[in-house]
Protein chains: 2
Amino acid sequence: MTGQVETAVFPVLIGGEWRPAQVKGTLQATNPATGEALEGLYPVSGQEDVLAAIAAASGVTPGTPEHIAAFLQRYAELIEGSGAELSALAALETGLPEKGRLLETELPRTTRQLRLAADTALSRSWTRPTIDTEAGLRSVLQPLGKPVVVFGPNNFPFAFNAVSGGDFAAALAVGNPVIAKAHPGHLGTTRALARLAFQAVQESGLHPASLQLLYHLPPDLGFLLVGDARVGAVAFTGSRGGGLALKRAADAAGVPIYLELGSVNPVLLLPGAVAERPAELAKELFNANTLGAGQFCTNPGLVIAVEGPGQAAFVQALTGAYQSAGSGVLLTEGAAPHIGAGLKTLTGAGATLVAGGQADTPGFRFQPSLLTADAKTFLAHPDALQTEVFGPVCLLVTVQEDELDRVLAPLEASLTASIYSSATGSDDALYGRAEPVLRQLCGRLINDRMPTGVAVSSAQMHGGPYPAGGHPGFTSVGIPAALTRFAALRGYDHVRDGRLPAELQDANPTGCWRLVDGRWTQEALA
Amino acid sequence: MTGQVETAVFPVLIGGEWRPAQVKGTLQATNPATGEALEGLYPVSGQEDVLAAIAAASGVTPGTPEHIAAFLQRYAELIEGSGAELSALAALETGLPEKGRLLETELPRTTRQLRLAADTALSRSWTRPTIDTEAGLRSVLQPLGKPVVVFGPNNFPFAFNAVSGGDFAAALAVGNPVIAKAHPGHLGTTRALARLAFQAVQESGLHPASLQLLYHLPPDLGFLLVGDARVGAVAFTGSRGGGLALKRAADAAGVPIYLELGSVNPVLLLPGAVAERPAELAKELFNANTLGAGQFCTNPGLVIAVEGPGQAAFVQALTGAYQSAGSGVLLTEGAAPHIGAGLKTLTGAGATLVAGGQADTPGFRFQPSLLTADAKTFLAHPDALQTEVFGPVCLLVTVQEDELDRVLAPLEASLTASIYSSATGSDDALYGRAEPVLRQLCGRLINDRMPTGVAVSSAQMHGGPYPAGGHPGFTSVGIPAALTRFAALRGYDHVRDGRLPAELQDANPTGCWRLVDGRWTQEALA
């Protein structure tokens with residue numbers, strides 16, 4: 001690489017300045033709708049950048065909760081102010097539509113999430129202050145005192161971006177500095193967001209090293225980063241292979257790592273529900289499965305339909321929807337080959353392809369694809385037939401009522417499980433048989449809805465048993481719960497009142513909710 | 001081994017019956033006060049026992065919260081009913097005194113802990129039900145649906161015993177079956193407790209496989225046990241080497257493991273506090289450091305005293321206390337060599353032995369031992385001089401005020417950190433310098449007290465940064481917080497009211513505390 005090219009490589013953000021990367025290679029963003037490379041060279045960083053980012057973030061306190069809230073609010077404003085440009089850029093890099101998705105849905109969700117995180121920083125609702133007056137003990141969740149490393153996924157350039165998404169907001173709202181690793185699928189969007197974030201850092205007086213950004217790393221440097229004992233925690237959303245490799249490195253150093261690795265998200269259609277509205281259910285499933293070209297970790301990839309009077313109409317409507325649909329634009333060049341390989345695994349295990357099945361052009365596209373199997377086929381190869389295909393692919397397994405328990409038994413861990421049942425109660429006995437099995441294997445159990453949407457809510461559970469999620473006790477979406485992943489429980493034993501953090505002082509100066517002698521209250525101590 | 005000997009080996013508890021172990025070897029308990037082996041042969045189990053215990057506990061629901069509470073209460077009664085015999089047996093196996101310790105302190109603490117766990121099972125206070133009425137989402141902590149493996153330590157034959165201690169009570173109160181691994185230091189006590197526990201299981205109608213007991217395992221079978229994906233979580237209290245080896249095996253299978261590995265628990269004595277009461281502080285430190293022959297994970301092993309007018313009197317009183325003290329009985333045969341090796345490390349790194357230093361007889365004993373070092377010596381070898389010695393050993397580091405920051409900087413993670421300061425406020429400036437450093441490195445920060453006691457409290461934090469603890473967000477002591485280690489967060493998305501768990505139903509039939517739209521309440525939904 002010549003010196004001339006190096007000067008054109010975008011700088012990384014470390015320690016409060018955009019500085020030249022230690023360039024070990026470069027990469028470019030790509031327009032997946034055309035397959036063409038986009039302008040701009042992004043650096044693959046070397047070890048010096050990784051160590052510099054860790055050193056810069058170590059020991060950094062971003063600011064008081066008030067500073068942090070001001071930052072999050074200002075950042076949300078700046079994102080809104082550049083909403084049109086950001087959405088256009090993200091659309092170019094991801095092939096996701098601006099209308100209905102990037103500009104109208106994902107961007108407002110992202111700014112709402114940042115503002116909710118700001119509110120939570122101010123209300124301290126994530127800190128769970130606990131006071132035992134008799135024992136003289138108090139405890140509270142506090143920042144880790146170490147940076148949080150965030151790896152964003154490919155499929156949400158705003159809402160899960162490592163410099164603007166839920167993990168970023170949660171880590172910062174707690175009061176931890178962030179080391180962000182961009183996803184190569186939307187490098188320009190990440191750069192643009194990080195520039196706004198850093199502007200907000202400066203305007204709100206946050207510590208300048210509150211956010212570092214590295215665009216790309218060779219795998220061994222990813223392991224070096226998450227396996228450094230100076231790191232407080234890691235949040236990773238993405239593929240199982242990548243996540244589990246990072247987990248090995250983090251585990252070895254005792255660094256907590258939170259994984260959200262996707263799954264097939266089984267949907268169980270009970271016969272009463274199908275009989276009541278076969279065509280609507282077919283449309284609902286088709287829409288959910290092909291939304292964003294199926295590239296959701298909560299995509300309904302496996303549907304189990306118990307046979308009944310509405311099934312023929314349902315299958316006909318569903319097949320028709322897939323057969324008449326155009327190809328969706330995929331996020332990355334590797335997506336279509338991955339989907340093709342997944343389909344081969346499914347058909348190789350006995351599933352029948354009834355619609356779609358082919359990659360398409362221009363750019364990176366794939367036909368919405370429907371496969372079917374009966375219970376006997378599914379039970380012959382239950383593992384292969386639960387292969388997650390990250391794309392617009394659905395496997396419909398039709399079962400007789402008396403086969404249901406056997407088909408449910410081999411189901412693996414998932415983020416979600418959905419059950420559709422009749423409004424009249426006619427499916428209740430089947431529901432009672434299926435629910436205990438599905439409840440154990442998923443994080444979020446759903447009635448009469450598709451799993452695709454993941455609301456930012458105090459009661460959200462976006463996670464699940466390993467290896468769909470990394471830890472069964474935590475959610476990666478939801479405020480305040482998602483913040484607690486990046487907090488340390490700290491006890492105070494007979495510490496004098498003036499020395500306590502505000503959340504634990506007798507007078508409760510911040511007015512936060514506290515568990516005092518077993519009772520939740522916002523009152524001061526008597 | 002002959003057939004005759006095998007029949008004399010105590011059976012293990014698996015799947016609701018005391019059954020012959022797959023005997024791969026045997027071990028005996030020892031009286032550490034005399035060094036003599038005690039009667040009774042306990043099995044070292046083979047792989048079949050491990051796999052049978054996992055299989056028996058898999059899919060087991062011990063019972064409703066009401067059943068579980070009845071079990072915990074009945075078990076507490078049975079322990080009290082056998083209190084004298086249990087204490088006599090535990091004293092024989094551990095050398096710990098019955099009066100003042102086993103019968104009068106640890107046993108009541110254990111039964112109180114079981115009853116608190118019962119109350120918590122009934123109140124559901126560990127479940128944190130959360131309701132977002134607008135989003136239609138609800139979430140709650142629930143049992144893992146898989147067994148919890150509990151490894152007890154050597155130093156608390158009742159309160160941390162794998163079949164009666166805090167981890168056992170927490171795992172069961174949540175509603176998980178337990179696979180307990182006894183500590184070889186009190187095999188007979190564990191057997192006696194497990195027999196009472198199983199009696200309580202039967203009397204209270206709990207699922208018979210709610211508790212399995214294995215006495216001993218070769219290391220590779222310990223790894224097999226915790227690395228089995230059918231296991232829901234692991235709780236380990238003990239040595240760093242043992243805990244981290246188990247962690248590797250559990251991590252590889254995605255099984256959450258909670259470690260409590262001990263530490264040196266630094267105590268900082270500021271000059272005003274020492275000047276106010278030098279002799280009392282010396283006595284307090286000596287008592288705390290030699291209690292239970294120093295075999296507490298919260299033993300104050302490293303004391304940093306800032307020089308001032310009271311220091312000479314303090315050091316004189318402290319030295320006198322150690323020099324005139326008799327040897328304490330250690331828990332196991334390996335303890336004295338371990339302490340001897342630790343002292344060698346400390347003196348080899350420059351510390352001066354001023355009292356004690358020798359193993360003693362009969363049985364397994366060691367002299368209370370005091371070492372000193374100045375700041376310069378400490379800073380030359382800060383790692384070696386933080387060697388944890390599990391016994392009655394204290395290193396006193398005397399520092400000048402201007403050396404304090406440098407001495408605190410290299411301190412490692414600990415369960416606790418204590419700061420003694422003047423009641424007049426004369427130490428407040430020094431406190432302000434030291435507190436931020438000590439706060440980051442410990443789980444529990446203490447004012448004006450020794451760290452030894454660990455109260456069972458809603459606000460306890462018995463844990464700390466890695467590798468003092470295994471996960472910074474959790475405590476291994478305290479109710480309800482310790483229970484949440486063994487729980488899974490489960491979301492309910494538009495699930496119909498009658499299908500929700502009781503904690504989430506509109507009517508709030510159990511009256512538990514719930515976070516409803518950001519407000520904690522016990523009320524039903526309007």
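Residues numbered from 1 in each chain as written. Chains lettered and ligands numbered in written order. Predicted model: local features only at pLDDT ≥ 70, side-chain atom pairs only at ≥ 80, totals over all residues. Heavy atoms only, no water.

Participant: How do you make sense of the pattern of salt bridges when you look at a structure like this?
Facilitator: Scanning the model with the defined rule gives 30 salt bridges over all chains in all. The closest approach of N and O atoms between Arg124(B) and Glu503(B), which form a salt bridge, is 3.3 Å. With Arg124(B) in the loop between helix 5 (98-123) and strand 7 (130-132) and Glu503(B) in the loop between strand 24 (487-493) and strand 25 (514-516), this residue pair connects regions lying 379 residues apart in the sequence. Between Asp251(B) and Lys247(B) there is a salt bridge, and its shortest N-O distance comes to 2.9 Å. With a gap of four residues between them, Asp251(B) and Lys247(B) both fall in helix 9 (residues 240-252), about one helical turn apart. Exposure class is identical for Asp251(B) and Lys247(B). Each is buried. Connected through shared salt-bridge partners, Glu66(A), Arg124(A) and Glu503(A) make up one network. (Salt bridge = Lys/Arg side-chain N within 4 Å of Asp/Glu carboxyl O. Helix = DSSP H or I, 4+ residues; strand = E, 2+ residues; numbered from the N terminus. Buried < 20%, exposed > 50% of the residue type's maximum accessible area, 1.4 Å probe, protein only.)

Participant: Can you help me understand the relation of the copies chain A and chain B in this one?
Facilitator: The operation relating the pair of chain copies consists of a rotation about an axis and a translation along that axis. Once chain A is rotated about the relating axis by 180° and shifted along it by 0.0 Å, it coincides with chain B to within an RMSD of 0.0 Å. In symmetry terms, the pair is related by a two-fold rotation axis. With an isologous cut-off of 70% or more, the 100% of interface residues of chain A that recur at the interface of chain B puts this contact in the isologous class. (Least-squares fit on C-alpha atoms with pLDDT ≥ 70 in both. Contact = heavy atoms within 4.5 Å.)

Participant: How do you make sense of the domain arrangement of chain A when you look at a structure like this?
Facilitator: When the parts come together, some accessible area is lost, and that loss is often what is quoted as the size of the interface. Residues and elements named next belong to chain A. For chain A, the domain assignment lists domain 1 (13-260) and domain 2 (267-447). Here the C-alpha centroids of domain 1 and domain 2 sit 33 Å apart. Contacts between domain 1 and domain 2 engage 16 residues on the former and 14 residues on the latter. Taken together, both faces of the contact between domain 1 and domain 2 bury some 1,100 Å²; the carbon and sulfur share is 62%. Our count for the domain 1 to domain 2 interface comes out at zero salt bridges. Where domain 1 packs against domain 2, one counts three residue pairs in polar contact (both at pLDDT 80 or more). When contributions to the side of domain 1 that touches domain 2 are tallied by element, the ones reaching two or more residues are strand 4 (30-31) and helix 4 (83-94). A breakdown of the residues in the side of domain 1 that touches domain 2 according to their chemical character gives four nonpolar, nine polar and three charged. (Domains from an automatic or database assignment. Buried area = accessible area lost by both parts, 1.4 Å probe. Polar contact = N/O pair within 3.5 Å; in protein donor to acceptor, adjacent residues only side chain to side chain. Nonpolar A, V, L, I, M, F, W, Y, C, P; charged D, E, K, R; others polar.)

Participant: Sorry if this is basic, but what is going on with the sheet that holds strand 18 (residues 359-360) of chain B here?
Facilitator: By way of backbone hydrogen bonds, the strands of a sheet pair with one another, either parallel or antiparallel. Residues and elements named next belong to chain B. Strands sit in the order 16-19-18 across an open sheet of three strands; the sheet is antiparallel. Both outer strands of the open sheet, strand 16 (328-329) and strand 18, are each paired with one neighbouring strand and no more. When strand 16 meets strand 19 (residues 365-366), the two strands line up antiparallel, connected through two bridges. Across the sheet, Val329 pairs through a bridge with Arg365, a residue of strand 19. (Pairing = 2+ DSSP bridges.)

Participant: What am I meant to see in the interface of chain A and chain B here?
Facilitator: On the side of chain B, 61 residues touch chain A, which itself brings 61 residues to the contact. With both chains or domains summed, chain A and chain B bury close to 5,100 Å², and 51% of this area falls on carbon and sulfur atoms. By the criterion of area lost to chain B, the three top residues of chain A are Leu489(A), Arg499(A) and Trp520(A), representing 13% of everything that side buries. If you look at where chain A meets chain B, you find six salt bridges. A salt bridge links Asp428(B) to Arg499(A), with the shortest nitrogen-to-oxygen separation between them at 3.1 Å. Only strand 7 (130-132), strand 8 (137-143), helix 9 (240-252), helix 16 (428-441), strand 23 (442-447), strand 24 (487-493) and strand 26 (519-521) of chain A provide two or more residues apiece to the side of chain A that touches chain B. Pairing of strand 24 of chain A with strand 23 (residues 442-447) of chain B involves three bridges; the strand directions are parallel. Bridging from a neighbouring strand, Tyr492(A) pairs with Leu445(B) of strand 23 of chain B.

Participant: Is there a simple way to think about the pairing of strand 13 (residues 257-260) of chain A in this case?
Facilitator: Remark: a regular strand shows side chains that alternate across the two faces of the sheet. Residues and elements named next belong to chain A. Taking every second residue as pointing to the same face, both faces of strand 13 are buried, with Ile257 and Leu259 on one and Tyr258 and Glu260 on the other. Sheet topology note: the strand 12 (residues 233-237)/strand 13 ladder contains four bridges and is parallel. Note on strand 13: the bridge partner recorded for Val234 is Ile257. Tracing the backbone out of strand 12, into helix 9 and back to the parallel element strand 13 gives a crossover that is right-handed. (Right-handed = clockwise from strand over helix to strand, strands pointing away.)

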